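# Examination of the molecular architecture
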Amino acid sequence: MWGLFPLYFPLLKPAGPFEVLAHRMVWSLLVVALALLVLRRWRWAGELLRQPRRLALIAVAAAVIAVNWGVYIWAVNNDRVVEASLGYFINPLVTIAMGVLLLKERLRPVQWAAVGVGAGAVVVLTVGYGRPPWISLILAFSFATYGLVKKKVNLGGLESLAAETALQFLPATGYLIWLASHGDATILTEGPGHAAMLAGTGLVTALPLICFGAAAIRVPLSTLGLLQYLAPVFQFLLGVLYFGEAMPPERWAGFALVWLALSLLTWDALRTAHRVRTELNRANAAVSTGLLDPVPPVRDADVVAAGPDPVDTRP
């Protein structure tokens, strides 16, 4: 579903990207609030309101994801689907770089190599485009920042999205009222079908998230990480095969370098996961012979994922 988003947003024309963004914020809150009401998951809201620091982080996450959503909508509706997909291909590399710079994390040599190849890809694409791939970079850095903030907040997917869209609700509603007062609100002028499609942005946002949350507790984290690459793959294929966007040789070269970097990350993550499990098996074998005390079980979350970190919200 995330990979097919480029097919949905063009259907919302003649609404501009800011109007679509505002509707997405408003209707997403309503859909997620309804889901939480059905699930009876409201205790977290009172706890969050008593924690100013977490509220401030939620506000940062709301602002950053608003930038991400807005740029993505603009890119899709202005024939930049391929460039948008690149943003989500390089997002894992940006996330790793931010971990090193901001969290002082230590990288393994293969991870350093992947980041270096990714940086080279940006240089090649800058030459190919005749400018830096700004859309890709904004999407990658905004989403990586969003993921970093979400780790600090430590709130569930539905709950976090509800809190973020609650903060976005008033500004978005105010903008829509302003559009209507100037006669520019397409939801009032383009018929019921168009209005239903704009309202559908809430369901389009929430449904993949709900499915993701259900999958996260059923499949290994490494599998989930690999599956995360499907979204930008679908977006890329749609951009090239369906929308017919140009892919000159230098752009192919840049994408090839990005895919090489992601292959290095995946190989290193799978190798690390295998080594961790092998060591656990040896330790458990030693326990069974009485040589060691029992080893506590290791969760999937303790093993390095094979792809980008699982996230709560996509473009």
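Just so it is clear, the model here is predicted, and its values are computed rather than measured.

Parameters at a glance
- Residues numbered from 1 in each chain as written.
- Predicted model: local features only at pLDDT ≥ 70, side-chain atom pairs only at ≥ 80, totals over all residues.
- Heavy atoms only, no water.
- Helix = DSSP H or I, 4+ residues; strand = E, 2+ residues; numbered from the N terminus.
- Rg over C-alpha atoms; globule rule 2.2 N^0.38 Å.
- Buried < 20%, exposed > 50% of the residue type's maximum accessible area, 1.4 Å probe, protein only.
- Expected span 1.5 Å × (residues − 1).
- Bend = angle between axes of the 7 residues up to and from the residue.
- 1 Å grid on protein atoms, 1.4 Å probe; cavity = no way out; pocket = protein on both sides within 12 Å on 5 of 7 lines; lining within 4 Å.
- Points joined across faces, edges and corners; volume = space filled by probe spheres on them.
- Nonpolar A, V, L, I, M, F, W, Y, C, P; charged D, E, K, R; others polar.
- Salt bridge = Lys/Arg side-chain N within 4 Å of Asp/Glu carboxyl O.
- Axes fitted to C-alpha atoms, helices over the stretch in contact; angles between N-to-C directions.
- Parallel < 35°, antiparallel > 145°, perpendicular 65-115°, else oblique.
- Left-handed = near helix turned anticlockwise from the far one by under 90°.

## Considering the overall build of the chain
- Within the chain, the regular secondary structure consists of 13 helices and 0 strands.
- At 21 Å, the chain has a C-alpha radius of gyration in line with the 20 Å of a compact globule built from 315 residues.
- Taking the principal axes of the C-alpha coordinates as reference, the chain spans close to 75 × 55 × 30 Å.
- Split into buried and exposed, the 315 residues of the chain put 47% on the buried side.

## Thoughts on helix H5 (residues 81-103)
- Spanning 23 residues, H5 covers 32 Å between terminal C-alpha atoms, matching the ideal 33 Å at 1.5 Å per step.
- Its axis deflected by about 40 degrees at Ile-90, H5 carries its strongest bend there, up to four residues before the proline Pro-92.
- In terms of burial, H5 is a largely internal element, 18 of the 23 residues being buried.
- Looking one or two residues beyond H5, the residue adopting positive phi is Lys-104, at roughly 60 degrees.

## Here's the deal with the layout of surface pockets
- Of the pockets and cavities examined, the second largest pocket occupies roughly 300 Å³.
- The wall of the second largest pocket is formed by 15 residues, among which Met-1, Trp-2, Phe-212, Leu-227 and Gln-228 lie closest to the centre.
- For the lining of the second largest pocket, the secondary-structure elements that each account for two or more residues are helix H10 (192-216), helix H11 (221-227) and helix H12 (230-242).
- The element contributing the most residues to the lining of the second largest pocket is H10, with 4 residues.
- Counted by class, the lining of the second largest pocket contains 12 nonpolar, 2 polar and 1 charged residues.

## A short note on unusual backbone geometry
- Across the junction of Lys-13 and Pro-14, the peptide omega takes the value 15 degrees, indicating a cis bond.
- Within the chain, Arg-40 stands out as a residue other than glycine whose phi angle is a positive 55 degrees.
- As for its placement among the helices and strands, Arg-40 is situated in the loop between helix H2 (17-39) and helix H3 (43-49).
- Arg-40 gets classed as exposed once you look at its relative accessible area, which sits at 76%.
- If you check the backbone angles, Asn-154 has positive phi at about 55 degrees while not being a glycine.
- Examined against the element boundaries, Asn-154 turns out to sit in the loop between helix H7 (134-153) and helix H8 (157-181).
- With relative accessibility at 65%, the residue Asn-154 sits in the exposed group.

## Looking at the pattern of salt bridges
- A complete count under the given rule lists 6 salt bridges for this structure.
- When the shortest N-O distance is used, the salt bridge between Glu-83 and Arg-80 registers 3.8 Å.
- Here Asp-268 and Arg-108 are joined by a salt bridge, their closest N and O atoms 2.7 Å apart. With Asp-268 in helix H13 (residues 249-288) and Arg-108 in the loop between H5 and helix H6 (109-129), this pair connects stretches of sequence that are 160 residues apart.
- Since its relative accessible area comes to 0%, Asp-268 is described here as buried.
- Arg-108 gets classed as partly exposed once you look at its relative accessible area, which sits at 23%.
- Several salt bridges share partner residues, and in doing so they unite Arg-80, Glu-83 and Arg-131 into one network.

## Focus: the packing of H2 against H8
- Packing of H2 against H8 leaves a shortest axis separation of 7 Å and a crossing angle of 140 degrees. The orientation of H2 relative to H8 falls into the category oblique. The two elements H2 and H8 meet at a crossing, and its hand is left-handed.
- Within the contact of H2 with H8, the residues separate by chemical class into 17 nonpolar, 5 polar and 2 charged.

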